[in-house]
Amino acid sequence: MIEVVASMARGPVFLAGEVMECLITFTNPISHLSTSASSEMLAWASAQIHCQFHASESRVALPAQGTKQDVQAESDTVLIPSRGEGGQCMLDTPPKILFCDLRLDPGESRTYSYSEVVPNDGPPSFRGQSVKYVYKLTIGCQRVSSPIKLLRVPFRVLVLHGMPEPPFPQDEEVAPSNPFLEEEEGGRRDDRPLERALDMLTITSRRCPHLFNITNMRGKVAKFCIFKTVYRLGEDIIGTFDFSEGDIPCIQYSVSLQSEEEIQQGYQRRPGQSISVTGHGRHLESCLHTASTHFSLPVPLNVTPGFSTDIVTLRWRLHFEFVTSREPMESHNVLQNQPEVTVWTGAEDSIMWAHLCFPTEYHLLLKVL
């Protein structure tokens, strides 16, 4: 028996275009003290990256695929990374040979380094209600006259659309030199995808207040202010409400962070198919007799930024719900001769409460990077 261990020192999250490095260790775990210890002979091992696509049959209509054989013969030496998996292989990198004809004595280990650039032309990792894009590093190993054994290591890929291309390399004789930077660091910093991505994400720190008047058919409810509409993963979405200028009393409001998963028209199972909506956080607050208030909703770190492919489009939005009164609501003022504690009781009858309230809904699109 051979034990195979794959270790990603940088962790399981990568940007498209970034170099993924993985250390792969092959071990013959039989103890030296065992009387039945024997050496193991491996014919070859290789590794490659592939992206597997899964679709819901009830929501996505894909073109018919030809039948393929999913069972590999014992004498076959071709590595098929998606063998035994459902769905379709969207893309894969060329396989890289780790070794050929490796002999491992009992208790012996050998470690090999694998590096590959994560493809730029693929979709990001995504697990939605209708489609899924899953990236895996597949390691294949085979003994002589034995079937191929596969080890799959899942990892996450983030795609930043519009990321600037690396600068054209300048000639060494005319390139400006910086005495405060090492030669290697100064020449490679701008070429790293991670550095260019961080430069691109600085646009999310720019603030420009956006004001919106919340109205319904009977008048103005409130004024809403959001400081920006572009956010990165893990950032807080902060907005404020001003009810002092409203004509319609607002009893309660809620703000939800939602993602929209829309199947492109050519791949919809039914004409006019509805958009799948997933909630990622909600703020609920009672605001009767409140002049101003605010909310804060964090963008989760484990979600996928907005993207679009030939099959699906993912967008982000804020969903607003306001419960307003159909009748004027008198403010409850505390008189000077009243005690400090005052209780205000609303309508006890649910039918009367429904008659007094009127729900209103709004949406605001956001961009998540």
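Computed from a prediction, not measured in an experiment: that's the story for all the values here.

Draft legend 1. Structural detail: the environment of Val-60. Here Val-60 is to be found in the loop between β4 (40-55) and β5 (88-92). In this structure Val-60 comes out as buried when scored by relative accessible area, which is 2%. For Val-60, the residues in contact, after removing those within four places along its chain, are Ala-55, Ser-130, Val-131, Ile-263, Tyr-267, Arg-269 and Ile-311.

Draft legend 2. Representation of the side chain of Gln-273 in the model. Here Gln-273 is to be found in the loop between β15 (250-263) and β16 (276-286). For Gln-273, a relative accessible area of 10% gives the class buried.

Draft legend 3. Quick look at unusual backbone geometry. Positive phi is not limited to glycine here, since Asp-101 has a value of about 55°. According to the relative accessible area criterion, Asp-101 is exposed, its value standing at 57%. In this model, His-289 sits at a positive phi of 60°, which is unusual for a non-glycine residue. Here His-289 lies in the loop between β16 and β17 (292-298). Under the relative-accessibility criterion, His-289 is labelled partly exposed at 43%.

Draft legend 4. Region of interest: the pairing of β4. Counting buried residues along β4, 13 of its 16 residues qualify, which places the element largely inside the surrounding structure. Here seven bridges tie β4 to strand β6 (residues 96-104), and the two strands are oriented antiparallel to one another. Across the sheet, the residue bridging to Leu-42 is Leu-102, located in β6. The sheet contact formed by β4 and strand β9 (residues 131-143) spans 13 bridges and is antiparallel. Considered in β9, the bridge of Ala-55 is made with Val-131.

Draft legend 5. Local environment of the sheet that holds strand β12 (residues 219-226). If you walk across this open sheet you meet the four strands as β11-β12-β14-β17, and the pairing is antiparallel. The open sheet has two edge strands, β11 (210-216) and β17, and neither has a second partner. Along the sheet, successive strands turn relative to each other by an average axial angle of 25°, direction set aside. Bridge count between β11 and β12: seven bridges; the pairing is antiparallel.

Draft legend 6. Molecular detail of the confidence of the model for the protein chain. When pLDDT is averaged along the protein chain, the result is 81; 74% of the residues meet or exceed 70. Per-residue pLDDT, averaged within each element of the protein chain, yields its smallest value for helix α3 (residues 350-356) (44) and its largest for strand β8 (residues 126-127) (96). This stretch, residues 168-174, has a pLDDT under 50; its non-local contacts, to residues over four places away or in other chains, come to two contacts. Confidence over residues 184-190 falls short of pLDDT 50; this stretch has five contacts with residues more than four positions distant or in other chains.

Draft legend 7. Molecular detail of the side chain of Thr-138. With respect to the helices, strands and loops of the structure, Thr-138 is situated in strand β9. Engagement of the side chain of Thr-138 in a polar contact is seen with the side chain of His-50, the distance being 3.2 Å. Thr-138 has contacts with Ser-46, Ala-47, Gln-48, His-50, Pro-81, Leu-150, Leu-151 and Arg-152, leaving out every residue within four places of it along the chain.

Draft legend 8. Layout of the sheet that holds strand β3 (residues 19-27). Judged by pairing direction, the sheet is antiparallel, and its three strands sit side by side in the order β1-β3-β7 without closing on themselves. With partners counted over all chains shown, the strands left at the sheet margins are β1 (3-7) and β7 (109-117), one partner each. On average, each strand axis in the sheet is inclined to that of its neighbour by 20°, with strand direction left out of account. For β1 and β3, the ladder comprises five bridges, and the chain directions are antiparallel. Bridge pairing links Ser-7 to Leu-23 in β3.

Draft legend 9. Here's a closer look at the pattern of salt bridges. Enumeration according to the criterion identifies 13 salt bridges in this entry. The salt bridge partner of Glu-245 is Lys-220, with a shortest N-O separation of 3.2 Å. Of the two residues, Glu-245 sits in the loop between β14 (236-242) and β15 while Lys-220 sits in strand β12, which places them 25 residues apart along the sequence. For Glu-245, a relative accessible area of 40% translates into the label partly exposed. Lys-220 sits in the buried class, given a relative accessible area of 17%.

Draft legend 10. Here's a closer look at the packing of aromatic side chains. Taken as a whole and assessed by the stated rule, the structure comprises 20 aromatic pairs. An angle of 70° between the planes, with centres 5.4 Å apart, marks the rings of Phe-126 and Phe-307 as edge-to-face. A residue pair is termed long-range when its members are at least 10 positions apart, and Phe-126 in strand β8 and Phe-307 in strand β18 (residues 307-308) qualify at 181 residues. Like Phe-307, Phe-126 is buried. With a centroid separation of 6.0 Å and an interplanar angle of 45°, the aromatic rings of Tyr-135 and Phe-155 are classed as tilted. Separated by 20 residues along the polypeptide, Tyr-135 in strand β9 and Phe-155 in strand β10 (residues 149-158) bring together distant segments of the chain. Comparing Tyr-135 with Phe-155 shows no difference in burial state: the two are buried. Grouping aromatic residues by their ring pairs yields a cluster made of Phe-212, Phe-224, Phe-241, Phe-243, Tyr-253, Phe-295, Phe-320 and Phe-322. The lysine or arginine in question, Lys-96, covers the ring of Tyr-114, its NZ or CZ lying 5.9 Å from the ring centre.

Parameters at a glance
- Residues numbered from 1 in each chain as written.
- Predicted model: local features only at pLDDT ≥ 70, side-chain atom pairs only at ≥ 80, totals over all residues.
- Heavy atoms only, no water.
- Helix = DSSP H or I, 4+ residues; strand = E, 2+ residues; numbered from the N terminus.
- Buried < 20%, exposed > 50% of the residue type's maximum accessible area, 1.4 Å probe, protein only.
- Contact = heavy atoms within 4.5 Å.
- Pairing = 2+ DSSP bridges.
- Axes fitted to C-alpha atoms, helices over the stretch in contact; angles between N-to-C directions.
- pLDDT = per-residue confidence, 0-100.
- Polar contact = N/O pair within 3.5 Å; in protein donor to acceptor, adjacent residues only side chain to side chain.
- Salt bridge = Lys/Arg side-chain N within 4 Å of Asp/Glu carboxyl O.
- Phe/Tyr/Trp six-rings, centres within 6.5 Å; stacked < 30°, edge-to-face > 60°.
- Lys NZ or Arg CZ within 6 Å of the ring centre and 35° of its normal.

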